[in-house]
Amino acid sequence: MKFLREPLLHFAVAGAVLFGGYSWLHHTSTEAGAVEPVRISEGDVRWVKQTWSSQWLRDPTADELKGLIDDLVNERLLAREAKEMGLDQDDTIIRRRLAQKLKFIVEDTAQLAEPPEAELRKFYTANPSPFETPGSLSFKQVYFSPESRTDAAADARAALAKLNAGETEVDGDRLLVGDVFDDTDAAISGLFGPDFAHDVVAFEPGTWSGPVKSGYGLHLVFVTKRTPAAPKPFETVRDAVLAEWRNARQAEVSRNYLVELRKKYGLGLEDDVATALNSTTAPTVAAK
């Protein structure tokens, strides 16, 4: 008959056979021991209410709350049955989610740590840059445009010789961002690029230097004042030091935890995988 050839019928029959076979295989084990019921705690109810309130900016009604709890019960029932059937095995999404949850637990443990004051001060001393008042630089510049000149580099070098010989004025090109910059720091990199900033902060004050390249072209630079970075008192940045210490501790704990997991479970790499990873360490367990 035609309906016997319908793919939907075949799918339904296959599903019934699979589910029936699974139920038969597990019937004895279910009868042998009591099944732990799905439990919904007061904390679960508070969580679904808070989640609802955060989204809708009001508390759920009694009927809405009942629906939320019913959904939670159904979710847990389906999740338990799926796990019993082994549907969580070899599932990329579930594997990543479990790994993410464990990673969060490990990292949260580090974030709750409270170090001794002496350790915080030691960390503060060993890592000064996040806890400093940034240094600043004042300078003026003469710009040479590669678009406007046949040889901007040669013109810049000739102008530098004149300035260092005592001349006070040379012919440069107009630059929209300006020629004089007072007490600037990170703005140097933002305006001219990191390479320019790296070179300029190394120039000695009181003399013309260059030419130095930026995103605009070439520049001669005269540093008028340099203010070095200065450490902030520990007492004023203690909270920031604690946050940085916890971040460093978090990274260390996660790294050490993964090392221990590798020791616990071993690592098997097939030859092609080891070659691709440029591995020089023999696998600790045979690949399966």
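Up top is the structure.
Residues numbered from 1 in each chain as written. Predicted model: local features only at pLDDT ≥ 70, side-chain atom pairs only at ≥ 80, totals over all residues. Heavy atoms only, no water.

A.B. asks: Which residues make up the sheet that holds strand E2 (residues 136-144), and what are the values?
C.D. replies: Here four strands make up an open sheet; going across it, the order is E3-E2-E5-E4 and the pairing antiparallel. Each edge of the sheet is formed by a strand with only one pairing partner; in this case those strands are strand E3 (180-184) and strand E4 (208-213). The average angle at which neighbouring strand axes cross in this sheet is 30°, direction not considered. With nine bridges joining them, E2 and strand E5 (residues 218-227) adopt antiparallel strand pairing. Bridge assignment links Gln 141 to a residue of E5, and that residue is Val 221. Relative to E4, helix H6 (residues 152-164) is tilted by about 170°, and along the sheet it contacts E2, E4 and E5. (Pairing = 2+ DSSP bridges. Helix = DSSP H or I, 4+ residues; strand = E, 2+ residues; numbered from the N terminus. Axes fitted to C-alpha atoms, helices over the stretch in contact; angles between N-to-C directions. Contact = heavy atoms within 4.5 Å.)

A.B. asks: Before we move on, can you summarise the packing of helix H2 (residues 42-56) against helix H3 (residues 62-84) with the specific residues and values?
C.D. replies: Put simply, H2 and H3 touch, their axes get as near as 10 Å, and they point 120° apart. Handedness of the crossing formed by H2 with H3: right-handed. From H2, Asp 44, Val 45, Val 48, Lys 49 and Trp 52 reach across to H3, where they touch Glu 64, Leu 65, Leu 68, Ile 69, Leu 72 and Arg 76. Tallied by class, the residues present in the contact of H2 with H3 amount to seven nonpolar, no polar and four charged. (Left-handed = near helix turned anticlockwise from the far one by under 90°. Nonpolar A, V, L, I, M, F, W, Y, C, P; charged D, E, K, R; others polar.)

The quantities given are spatial measurements derived from coordinates; they are silent on function.
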